[in-house]
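The chain contents come next:
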Amino acid sequence: EQVCRTVLTFSEIVIRGKQENISLSEMLKAKDKLIEKFGDEADLSAKIFQWMIDDAYKLPNFNNDEKKQQQLREFTEGQYFACKNSLNKERNENE
């Protein structure tokens, strides 16, 4: 559960950054600094964060605040539920 809450937080950071016109290269630099800080134990987090960045930066840009809020909600919820589904699948395979 905690992993998916972290995914939710990261996904919000990523999509808000994209919506605020932070360049892809700047977002990738931020990811690299975060990974450096946590070292080897961040390997899986790095992959997840990279997937989120890839997904977010493929989405269209909006100027309308309502559309931005909708995009934020859909993106973060989508990432969260993808995490939950993955954990449930893994748990079922291990039973």
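Please read these numbers as outputs of a predicted model, since none were measured by experiment.

## Comments concerning the nonpolar core
Inference 1: Counting residues in each nonpolar core, the largest one holds 14 residues, and the members touching the most others are Val-14, Ile-15, Met-52 and Ala-56.
Inference 2: Counting residues per element, the ones that place at least two in this core are α1 (2–19), α3 (43–57) and α4 (65–93).
Inference 3: Tallying contributions element by element places α1 first for this core, with five residues.
Inference 4: Apart from residues lying up to four places away in sequence, Met-52 is in contact with Val-7, Phe-10, Ser-11, Val-14, Phe-75 and Gln-79.

## Overview of the environment of Glu-12
Inference 1: Secondary-structure assignment places Glu-12 in helix α1.
Inference 2: Considering only alpha carbons, one finds Glu-12 and Gln-79, 67 residues apart in sequence, at a separation of 9.5 Å.
Inference 3: Once you skip the residues sitting within four places of it in the chain, Glu-12 turns out to touch Leu-72 and Thr-76.

## Comments concerning unusual backbone geometry
Inference 1: Phi at Asn-21 is positive, roughly 65 degrees, even though this residue is not glycine.
Inference 2: For Asn-21, the location among the structural elements is in the loop between α1 and α2 (24–38).
Inference 3: Judged by relative accessible area, Asn-21 falls into the exposed class, the value being 65%.

What counts, and where the lines are drawn
Residues numbered from 1 in each chain as written. Predicted model: local features only at pLDDT ≥ 70, side-chain atom pairs only at ≥ 80, totals over all residues. Heavy atoms only, no water. Core = buried A, V, L, I, M, F, W, Y, C linked by side-chain atoms within 4.5 Å. Buried < 20%, exposed > 50% of the residue type's maximum accessible area, 1.4 Å probe, protein only. Helix = DSSP H or I, 4+ residues; strand = E, 2+ residues; numbered from the N terminus. Contact = heavy atoms within 4.5 Å.

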